[in-house]
Amino acid sequence: MMSEKRRIDFCTTCRKETPYTLEKQTIVKNIKDKDYTFTLTTAVCDECGSFMSPPGLIDKNVQEMDTQYRTYENIVSVHDIKRLMAIYKMGQGPLSLALGFGEVTITRYLSGQIPSKEYSDIIRNALISPRFMKKMLYENRDKITPAAYNKAIKAAEELEDLFAVSDKILGVIYCLFEQLTEITPLMLQKLLYFVQGISYANHNTPIFPEDCQAWTHGPVYPEIYTLFKQFRYNPIEDPRFVIFEGTDDKLTVQERHIVELVANTFGEYTGKPLERITHQEAPWQDARKGYGDGIPSNELISKQSIRDYYLEKEILYDFSSPEGIKKYIEEMCH
Ligand SMILES: [Zn+2]
């Protein structure tokens, strides 16, 4: 029951403006021979108890029923379809044809028509699997222009690279992007390394399985380097990440907390100061032994060395608090 604000509208029974109360009501509705229970909002006149129809209420309930029906039947939303168009850079018509639908099917879905379960499943599969999307594109390549086909295939291939790394590291990257407005590839590399270090310091375990290497500019996760090298020294702005929208459950609450801790401390610095910090740390220095300044190397920085270093420093600094981490950063920067 909502009663923060006194709501008033015309009651057709009382024949005057009366206050009313919004109440939730469940109704059973039969759609295509199947009963569905929907929770809708009703407006009840405070004076006579009749139902009222204040402006916007019907629209709100139509919207509610649409959402609830799609949830029951596990049908994709309009937003999902828009994400698919963004990911594969395709217009409504070409996407429709590429999925093996009629040319205007997607257009109708975008204006509110509910997809059949079969078509909804095709859209969902395309959304979660670039391999499936490539298969659909290949099967229907004669129906769309070569330009649209090539653009979509290229997007699918780039997405496949994204799926080649672990869910956990993707979860960390996605979470960092949510927390910070601008991240360059160099900065991202360092933050990933610090996430592992702070996770070891606090929970004696890494968050993701990937290993980093001791490159001249500090620790680098090579698979992630490949994924984002096109952005060079610029902030990463990656439309591919639309695919993870609403799927941030790749991380546990504890893991998410670590990433946020790193974002709020190390994340306040740009790539270069972060690089200077890693250059003073044992894991990178030990892996670089025997290499002169600026000599490239692909030496592994073992998880063990990150663990040992951060567990040792944890005794001197409290890495479970932003203050402790900031104190560490300040001392490393001087
Ligand atoms: Zn009334």
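The structure we're discussing is the one just above.
Computed from a predicted structure; not experimentally measured. (Residues numbered from 1 in each chain as written. Predicted model: local features only at pLDDT ≥ 70, side-chain atom pairs only at ≥ 80, totals over all residues. Heavy atoms only, no water.)

Draft legend 1. Representation of the packing of aromatic side chains in the model. Counted under the stated rule, the structure contains 19 aromatic pairs. Judged by centre distance (3.8 Å) and plane angle (5°), the ring pair of Phe194 and Phe266 falls under stacked. Taken together, the residues span a long stretch of sequence, with Phe194 in helix α9 (residues 185–203) and Phe266 in the loop between α11 (253–263) and α12 (271–279) at a distance of 72 residues. Of the two residues examined, Phe194 and Phe266, each falls in the buried class. Positioned above the aromatic ring of Tyr138 is the side chain of Arg141, whose terminal nitrogen or guanidinium carbon lies 3.9 Å from the ring centre. (Phe/Tyr/Trp six-rings, centres within 6.5 Å; stacked < 30°, edge-to-face > 60°. Helix = DSSP H or I, 4+ residues; strand = E, 2+ residues; numbered from the N terminus. Buried < 20%, exposed > 50% of the residue type's maximum accessible area, 1.4 Å probe, protein only. Lys NZ or Arg CZ within 6 Å of the ring centre and 35° of its normal.)

Draft legend 2. How the structure looks around the packing of helix α14 (residues 303–316) against helix α15 (residues 322–332). Viewed as axis vectors pointing N to C, α14 and α15 meet at an angle of 105°, and their least axial separation amounts to 11 Å. When the interaxial angle is binned, α14 and α15 end up roughly perpendicular. The segment α14 lies against α15, with Tyr309, Tyr310, Lys313 and Leu316 engaging Lys327, Tyr328 and Met332. Residue composition of the contact of α14 with α15, grouped by class: 5 nonpolar, no polar and 2 charged. (Axes fitted to C-alpha atoms, helices over the stretch in contact; angles between N-to-C directions. Parallel < 35°, antiparallel > 145°, perpendicular 65-115°, else oblique. Contact = heavy atoms within 4.5 Å. Nonpolar A, V, L, I, M, F, W, Y, C, P; charged D, E, K, R; others polar.)

Draft legend 3. Main features of the coordination of the zinc ion. For the zinc ion, the full set of protein donor atoms is Cys11 (SG), Cys14 (SG), Cys45 (SG) and Cys48 (SG), and the range of their distances to it is 2.2 to 2.4 Å. For the zinc ion, the 4 donor atoms in the first shell make angles of 103 to 115° at the metal, a pattern classed as tetrahedral. All donors to the zinc ion come from one chain, and their sequence spacing reads C-x2-C-x30-C-x2-C. For Cys11, a relative accessible area of 0% gives the class buried. (Donors = N, O, S within 2.8 Å, 3.2 Å for Na, K, Ca; no water. Tetrahedral: all angles 85-135°; square planar, octahedral: opposite > 155°, others 65-115°.)

Draft legend 4. The arrangement of the sheet that holds strand β6 (residues 218–220) in detail. The strand order across the open sheet built from 3 strands is β6-β5-β7, with neighbouring strands paired in antiparallel fashion. Since the sheet does not close on itself, it has two edges, and those belong to β6 and β7 (300–301), each with one partner. Pairing of strand β5 (residues 212–215) with β6, which is carried by 3 bridges, proceeds in the antiparallel orientation. Its bridge partner being in β6, Gln213 is matched across the sheet by Val220. (Pairing = 2+ DSSP bridges.)

Draft legend 5. Representation of the environment of Thr184 within the structure. Structurally, Thr184 can be placed in the loop between α8 (167–179) and α9. Along the sequence, Thr184 and Arg232 sit 48 residues apart, while their C-alpha atoms lie 7.6 Å from each other. With near-sequence residues (within four places) excluded, Thr184 lies in contact with Tyr233, Asn234, Pro235 and Ile236.

Draft legend 6. Highlighting the pairing of strand β3 (residues 34–45). Bridge count for strand β2 (residues 16–31) against β3 is 12 bridges, and the pairing is antiparallel. By the bridge assignment for β3, Asn30 is matched with Asp35. Hairpin connection between β2 and β3: a loop of 2 residues separates the two successive antiparallel strands, and Lys32 in this loop has a positive phi of roughly 45°. Relative to strand β4 (residues 51–52), β3 runs antiparallel, the two being bridged by 2 bridges. Bridge pairing links Val44 to Phe51 in β4. If you look at the hairpin formed by β3 and β4, you'll find 5 residues sitting between the two strands, and Gly49 has a positive phi there, around 80°.

Draft legend 7. Looking closely at the packing of α9 against α12. The contact between α9 and α12 brings their axes to 8 Å, and the two run at 40°. Overall, the two elements α9 and α12 adopt an arrangement that is oblique. Taken as a pair, α9 and α12 cross one another with a handedness that is left-handed. Here Leu186, Met187, Lys190, Leu191, Tyr193 and Phe194 of α9 come into contact with α12, specifically with Gly271, Lys272, Leu274, Glu275, Ile277 and Thr278. (Left-handed = near helix turned anticlockwise from the far one by under 90°.)

Draft legend 8. Region of interest: unusual backbone geometry. For Arg15, which is not a glycine, the phi torsion comes out positive at approximately 60°. Among the secondary structure elements, Arg15 is positioned in the loop between β1 (2–11) and β2. Its identity as a non-glycine residue notwithstanding, Asp33 has a phi of 65°, on the positive side. Looking at the element boundaries, Asp33 is found in the loop between β2 and β3.

Draft legend 9. Local environment of the pattern of salt bridges. Inspection of the entire model under this criterion finds 18 salt bridges. Of the charged contacts in the structure, one is a salt bridge between Lys168 and Glu255, with a shortest N-O distance of 2.7 Å. Highlighted residues: Lys168 in helix α8 and Glu255 in helix α11, separated in sequence by 87 residues. Lys168 gets classed as partly exposed once you look at its relative accessible area, which sits at 24%. On the accessibility criterion, Glu255 (14% relative accessible area) is buried. Connected via shared salt-bridge partners are Lys134, Glu157 and Glu160. (Salt bridge = Lys/Arg side-chain N within 4 Å of Asp/Glu carboxyl O.)

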